Amino acid sequence: MKLAIGNDHVAVEMKKEIKAYLEQKGMEVIDVGTDSTDRFHYPISGYKVGKLVASGEVDGGVLICGTGVGISLAANKVKGIRACVCSEPYSARLSKQHNNSNIIAFGARVIGIETAKMIVDEWLAAKYEGGRHQIRIDMISEIENTGSLAAAKEK
């Protein structure tokens, strides 16, 4: 499996630990984040990971900033990306099973490294269930592609 990882200046140490953890598991990791604690704008990493995932160059992505929120918002602006912020493993698993998330994000100021590893493990092990969930994924894609949602129109 090939993953992209990105971060901002707040998450340098956690990014390094998660990258090493993934590599120990035999994964190839493309690092597009920063290794400096000098101010770094998280939308850059969010965008870069999003583009790598959307293009199919990697199988998924991991994003880390202070909370995971800003960097995931940036990634979600890339067409085809479904980045989910998770602070515990259960949501990470369900984000893949129900929402077919292709990027997981978390916050270096919110969780510790062991929780981050559990989140990554659950997300990687989960499989998209399809079925009833595909209807909702299609609706998300409709919003992304058209700027509207037919099912939401009032009659």
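Quick summary incoming for the structure in this document.

Calculation notes
- Residues numbered from 1 in each chain as written.
- Predicted model: local features only at pLDDT ≥ 70, side-chain atom pairs only at ≥ 80, totals over all residues.
- Heavy atoms only, no water.
- Pairing = 2+ DSSP bridges.
- Helix = DSSP H or I, 4+ residues; strand = E, 2+ residues; numbered from the N terminus.
- Axes fitted to C-alpha atoms, helices over the stretch in contact; angles between N-to-C directions.
- Contact = heavy atoms within 4.5 Å.
- Salt bridge = Lys/Arg side-chain N within 4 Å of Asp/Glu carboxyl O.
- Buried < 20%, exposed > 50% of the residue type's maximum accessible area, 1.4 Å probe, protein only.

For the rest of this paragraph, the subject is the sheet that holds strand β2 (residues 28–31). Strands pair in a sheet through their backbones, by hydrogen bonds, and they do so in one of two ways: parallel or antiparallel. The strand order across the open sheet built from five strands is β2-β1-β3-β5-β4, with neighbouring strands paired in parallel fashion. In this open sheet, the two edge strands, each paired with only one partner strand, are β2 and β4 (83–85). For this sheet, the mean inter-axis angle between neighbouring strands, taken without regard to orientation, is 25°. Note: strand β3 (residues 60–65) against strand β5 (residues 103–107), five bridges, orientation parallel. Pairing of Val62 across the sheet is with Ile104, part of β5. Running at roughly 140° to β3, helix α3 (residues 69–76) makes contact with β1 (2–7), β3, β4 and β5 of the sheet. Lying on the sheet, helix α5 (residues 113–125) is in contact with β1, β3 and β5; it crosses β5 at an angle near 165°.

Before going further, it helps to spend a moment on the pattern of salt bridges. This structure, assessed with the given rule, holds eight salt bridges. For Glu122, the salt bridge is made with Arg93, and the minimal N-O distance between the two is 2.8 Å. Here Arg93 lies in helix α4 (residues 89–97) and Glu122 lies in helix α5, a separation of 29 residues in the sequence. Residue classification places Arg93 among the partly exposed positions, given a relative accessible area of 29%. Through salt bridges that share partners, Lys15, Lys19, Asp31 and Asp35 make up one connected network.

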